[in-house]
Amino acid sequence: MKHQCKVTVLETKCFPELQERYLADPASGPCPCFEAEQEYLFERQDDFWHFGRDLDPKFPCAEAWDCISRYIYTALQGGSIMHGWTADDRMMIACCNDGTRPVVFKIERIDIPETDTERAWLVEQDFSNSTEDAYTGA
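Residues numbered from 1 in each chain as written. Predicted model: local features only at pLDDT ≥ 70, side-chain atom pairs only at ≥ 80, totals over all residues. Heavy atoms only, no water.

1. What to know about unusual backbone geometry
A negative phi angle is the norm for most residues apart from glycine, just as the trans form is the norm for most peptide bonds.
Reasoning step 1: Here aspartate 56 and proline 57 are connected by a cis peptide whose omega angle stands at 5°.
Reasoning step 2: Inspection of the secondary structure assignment puts proline 57 in the loop between α2 (45-49) and α3 (62-76).
Reasoning step 3: The backbone of glutamate 37 sits at a positive phi, close to 80°, despite the residue not being glycine.
Reasoning step 4: Tracing the chain through its elements places glutamate 37 in the loop between α1 (16-22) and β2 (39-42). (Helix = DSSP H or I, 4+ residues; strand = E, 2+ residues; numbered from the N terminus.)

2. Observations regarding the pattern of salt bridges
Reasoning step 1: Evaluation of the coordinates by the stated rule reveals 9 salt bridges.
Reasoning step 2: One salt bridge connects glutamate 108 with lysine 6, and the closest N-O pair in it is separated by 3.9 Å. A residue pair is termed long-range when its members are at least 10 positions apart, and glutamate 108 in strand β4 (residues 103-112) and lysine 6 in strand β1 (residues 2-12) qualify at 102 residues.
Reasoning step 3: Judged by relative accessible area, which is 24%, lysine 6 ranks as partly exposed.
Reasoning step 4: One connected set of salt bridges, linked through shared partners, spans Lys6, Glu39, Lys106 and Glu108. (Salt bridge = Lys/Arg side-chain N within 4 Å of Asp/Glu carboxyl O. Buried < 20%, exposed > 50% of the residue type's maximum accessible area, 1.4 Å probe, protein only.)

What follows is the structure in structure tokens.
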């Protein structure tokens, strides 16, 4: 089975009160690298090892990459991105670590069966998590 990973920008946040208090440029505003609904599709290991620079559009921020690359790598390997945390093991919601203007990402593993056996196996899988499955940190 092959795997892809789709990264979607869900939203960008901005906390001007924190920027005013802590940044060298107190009027920095929201992140200039991303806009809501942008998508990046990682298809091969090369995409991963090149930090998304080979994609169209290119993945524009090394700091955001550092925050979400582990989930992209897991998805490209066919792994469970966040078992027991999100409603679907193949999906993760994460953000960059810019505390004054974070960008929120949805990261999804896409399974591509190559044989009838893989297709049949995939149909039988339940990747969902319920409240009872949820990891709460306790």
